[in-house]
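Each chain is listed here by its residues.
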Amino acid sequence: MTAAQPSAPAPAPSFPLRWERREPPLPAAAVLAVGDVVPGLAAAALARVRDGARLGVLADDGPGLPAADRALLVLGAEADLPWADGARYLGRDAGLLVPTTARPAPAAPLWRRALGAAEGQLCVLVPGRALVADPPAPVTSPDALDAFTRPEGADPAPPRGSAAPGWSAGR
């Protein structure tokens, strides 16, 4: 009889992400702009905040990030969300923000776990991007969005707050 050898840990399961059409669409809870769409969404969100909407904002605009990779996520009540040409609306699916007209496969809860989102964290999954961050506080100053209305990007000093590496929360 031989002693049992310790076994190597099983590899983490991996599975490909597929997107399926969703009907009916989810109610919108956020809107995401990437690249050239960021200034338009920022201007629309700025106008909504000035009109009294309570919106949360997360931005991926770190130093050295190419303009094409900049991203702006605006969260709020569906009626308060701004509209911008080219922006993508997101809805909640089992604690995961996904495009309102698409369903991730396998199921959303598996993706939330695979991305490592803790309870209470914001988790976004769209084709080509994923984000796990603490939810932002509502924007309290239009200045938090002002820098994003310019195509060249934000000022060197990002809005106060933090979310995840590369993402900042506007206040």
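Along each chain, the written sequence defines residue order, and numbers are assigned to residues from 1. With pLDDT at 70 or above as the cut-off, local features in this predicted model cover only qualifying residues; side-chain atom pairs require 80 or more to be listed or tallied, and sums for whole chains, interfaces and linings still use all residues. Water and hydrogen atoms were dropped before computing side-chain values, which therefore reflect all heavy atoms in the structure.

Student: A description of the overall build of the chain should follow, citing residues and the corresponding values.
Tutor: Working definition: helices are DSSP H or I runs of at least four residues, strands are E runs of at least two. Numbering for both runs from the N terminus. On a plain count of helices and strands, the chain comes out with three helices and 10 strands. Sequence-ordered secondary structure for the chain, helices as α and strands as β, is β-β-α-β-β-β-β-β-α-β-β-α-β. Going through the 171 residues of the chain one by one, you find that 42% of them count as buried. Note on definitions: a residue-residue contact is assigned when non-hydrogen atoms from the two residues lie within 4.5 Å. Intrachain contacts of the chain at a sequence separation of at least 6 include 67% that bridge at least 24 residues. The Shrake-Rupley method, run with a 1.4 Å probe sphere, supplies the accessible areas, and residue values consider only the shown protein chains as cover. Only carbon and sulfur atoms are counted for the fraction: they give 56% of the accessible area of the chain, which is about 9,200 Å². Each residue's exposure class comes from its accessible area (1.4 Å probe, protein chains only) as a fraction of the maximum for that residue type: buried when under 20%, exposed when over 50%, partly exposed otherwise.

Student: Can you explain helix H1 (residues 38–50)? Please cite residues and give values.
Tutor: For a helix, the expected span equals 1.5 Å multiplied by the residue count minus one. Compared with the 18 Å implied by 1.5 Å per residue over 13 residues, the 18 Å span of H1 between its first and last C-alpha is a close match. Along H1, the residues classified as buried are Val38, Pro39, Leu41, Ala42, Ala44, Ala45, Leu46 and Val49.

Student: Give me the nonpolar core: which residues, what numbers.
Tutor: We define a nonpolar core as any set of buried Ala, Val, Leu, Ile, Met, Phe, Trp, Tyr and Cys residues linked to one another through side-chain atoms lying within 4.5 Å. Residues Leu41, Leu55, Val57, Leu72, Val74, Leu145 and Phe148 are the most contacted members of the largest nonpolar core, which totals 23 residues. If you list the elements that add at least two residues to this core, you get strand S2 (30–34), H1, strand S3 (56–60), strand S4 (71–75) and helix H3 (143–146). No other element matches H1, which puts six residues into this core. Counting residues in hydrophobic clusters, the runner-up holds 14 residues, among them Leu32, Leu73, Leu97 and Ala133.

Student: An account of the environment of alanine 42 is requested, with residue identities and associated values reported.
Tutor: Take alanine 42: it is sitting in helix H1. Between the alpha carbons of alanine 42 and leucine 72 there is a distance of 7.6 Å; along the sequence they are 30 residues apart. Excluding residues that lie within four positions of it along the chain, alanine 42 makes contacts with Leu72, Leu145, Phe148 and Thr149.

Student: Account for the pairing of strand S6 (residues 96–99), with residues named and values stated.
Tutor: When a strand is regular, its side chains alternate between the sheet's two faces. Strands qualify as paired when DSSP identifies two bridges or more between them. As paired strands, strand S5 (residues 88–93) and S6 are joined by four bridges and run antiparallel to one another. By the bridge assignment for S6, aspartate 93 is matched with leucine 96.

Student: So what about the pattern of salt bridges? Which residues, and what values?
Tutor: Any carboxyl oxygen of Asp or Glu within 4 Å of a side-chain nitrogen of Lys or Arg constitutes a salt bridge here. Using the criterion set out here, one finds four salt bridges in the structure. A salt bridge links aspartate 93 to arginine 22, with the shortest nitrogen-to-oxygen separation between them at 2.6 Å. With aspartate 93 in strand S5 and arginine 22 in the loop between strand S1 (18–21) and S2, the pair connects residues that are 71 residues apart, well separated along the chain. Neither residue differs from the other here; aspartate 93 and arginine 22 are each classed as buried. Between aspartate 80 and arginine 48 there is a salt bridge, with the nearest N and O atoms lying 3.6 Å from each other.

None of this, on its own, says anything about what the molecule does.
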